[in-house]
Amino acid sequence: MESNEECIEIDVQLDKKTLNRFLLRNNFLRTGGVIGLIISVAAIVGLFTFWNYFGTAQRVILLFLALMFTVIQPVTLLMKGWEQLKKGAFREPFHYTFMPEGIEVVNIAGTANVEWKQIRRVVITKDAMYIYMNAVSALIISREECDGRFTEIAKMVREHTR
């Protein structure tokens, strides 16, 4: 890891815990995720409220809807993410260089240069930073992987993406 006044370089190995947080956050905070949760909660309420009025088929359908967005979809999403960690570009660390012009990302898949103006949104939590280029994919930077430079990196990203 190197840095000077203008650039900050870090190597980030994405781990299961950090990826899980990103996937669940990204899923449940989007409109589709919220709607899915509402459907599941409504199904649970309907199932318990009208249990005696429904036949077996209706109960099974409501149970499926209750589990669909609260259990089945999240588990499926996490399993797909875990597969990406094993075989995709996530197997090896990403080398990030934060520069006045943007962010350079280097890994086994190649090199990508992201200009600050290409960044759609930045979310900074206590554990990680998510730098979105589109609605669903992001650069995922865990606080733990920044060797104590997370706050400095977050400040630089905020300054360039306002």
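Structure: see above.
Residues numbered from 1 in each chain as written. Predicted model: local features only at pLDDT ≥ 70, side-chain atom pairs only at ≥ 80, totals over all residues. Heavy atoms only, no water.

### Digging into the environment of Phe28
In this structure, Phe28 sits in helix α1 (residues 16-28). Here Phe28 falls in the partly exposed class, since its relative accessible area comes to 21%. Linking Phe28 and Thr70, residues 42 residues apart in sequence, is a C-alpha distance of 9.8 Å. Here Phe28 is in contact with Gly33, Val34, Leu37, Phe69 and Pro74, once residues within four sequence places are set aside. (Helix = DSSP H or I, 4+ residues; strand = E, 2+ residues; numbered from the N terminus. Buried < 20%, exposed > 50% of the residue type's maximum accessible area, 1.4 Å probe, protein only. Contact = heavy atoms within 4.5 Å.)

### Focus on the nonpolar core
Counting 21 residues, the largest nonpolar core has Ile10, Tyr96, Phe98, Ile103, Ile131 and Ile141 as its most contacted members. Among the elements of the structure, β1 (8-12), β2 (94-99), β3 (102-107), β6 (128-132), β7 (138-142) and α4 (150-161) are those that each provide at least two residues to this core. Here this core gets five residues from one element, more than from any other, and that element is α4. Here Ile131 is in contact with Phe98, Ile103, Ile119, Arg121, Val122, Ser137, Ala138, Leu139, Ile141 and Val157, once residues within four sequence places are set aside. By size, the runner-up hydrophobic cluster in this structure holds 12 residues, among which are Leu14, Leu19, Leu85 and Ala138. (Core = buried A, V, L, I, M, F, W, Y, C linked by side-chain atoms within 4.5 Å.)

### A short note on the sheet that holds strand β4 (residues 110-115)
Spatially, four strands are ordered β1-β2-β3-β4 in an open sheet, and the strand pairing comes out antiparallel. The open sheet has two edge strands, β1 and β4, and neither has a second partner. Strand-to-strand twist in this sheet, taken as the mean axis angle between neighbours without regard to direction, amounts to 15 degrees. Where β3 and β4 come together, six bridges link them in antiparallel fashion. Note that in β4 the partner of Val106 across the bridge is Thr111. (Pairing = 2+ DSSP bridges. Axes fitted to C-alpha atoms, helices over the stretch in contact; angles between N-to-C directions.)

### Regarding the pattern of salt bridges
Inspection of every chain in the model, using the stated rule, returns six salt bridges. Two residues, Lys86 and Glu83, come together in a salt bridge whose shortest N-O distance is 3.7 Å. One end of the pair is Lys86 and the other is Glu83, both in helix α3 (residues 56-87) and three residues apart, which spans about a single turn. A relative accessible area of 36% means that Glu83 is categorised as partly exposed. Put simply, Lys117 and Glu115 hold a salt bridge, and the shortest N to O gap is 3.5 Å. Judged by its relative accessible area of 71%, Lys117 falls in the exposed class. Overlapping salt bridges bring together Glu83, Lys86 and Lys87 as one network. (Salt bridge = Lys/Arg side-chain N within 4 Å of Asp/Glu carboxyl O.)

### A short note on the packing of aromatic side chains
Counting across every chain of the model gives seven aromatic pairs. Residue placement shows Lys16 over the ring face of Trp82; its charged tip is 4.2 Å from the ring centre. Directly above the aromatic system of Trp51 lies the positively charged group of Arg59, at a separation of 4.2 Å from the ring centroid. (Phe/Tyr/Trp six-rings, centres within 6.5 Å; stacked < 30°, edge-to-face > 60°. Lys NZ or Arg CZ within 6 Å of the ring centre and 35° of its normal.)

### Re α3
By the largest-angle criterion, Met68 marks the main kink of α3, which is about 60 degrees. Taken together, the buried positions of α3 are occupied by Leu62, Ala66, Phe69, Pro74, Leu78, Gly81 and Leu85. Those residues of α3 that are buried are in contact with α1 and α2 (31-49). (Bend = angle between axes of the 7 residues up to and from the residue.)

By themselves, these observations are geometric and do not establish any function.
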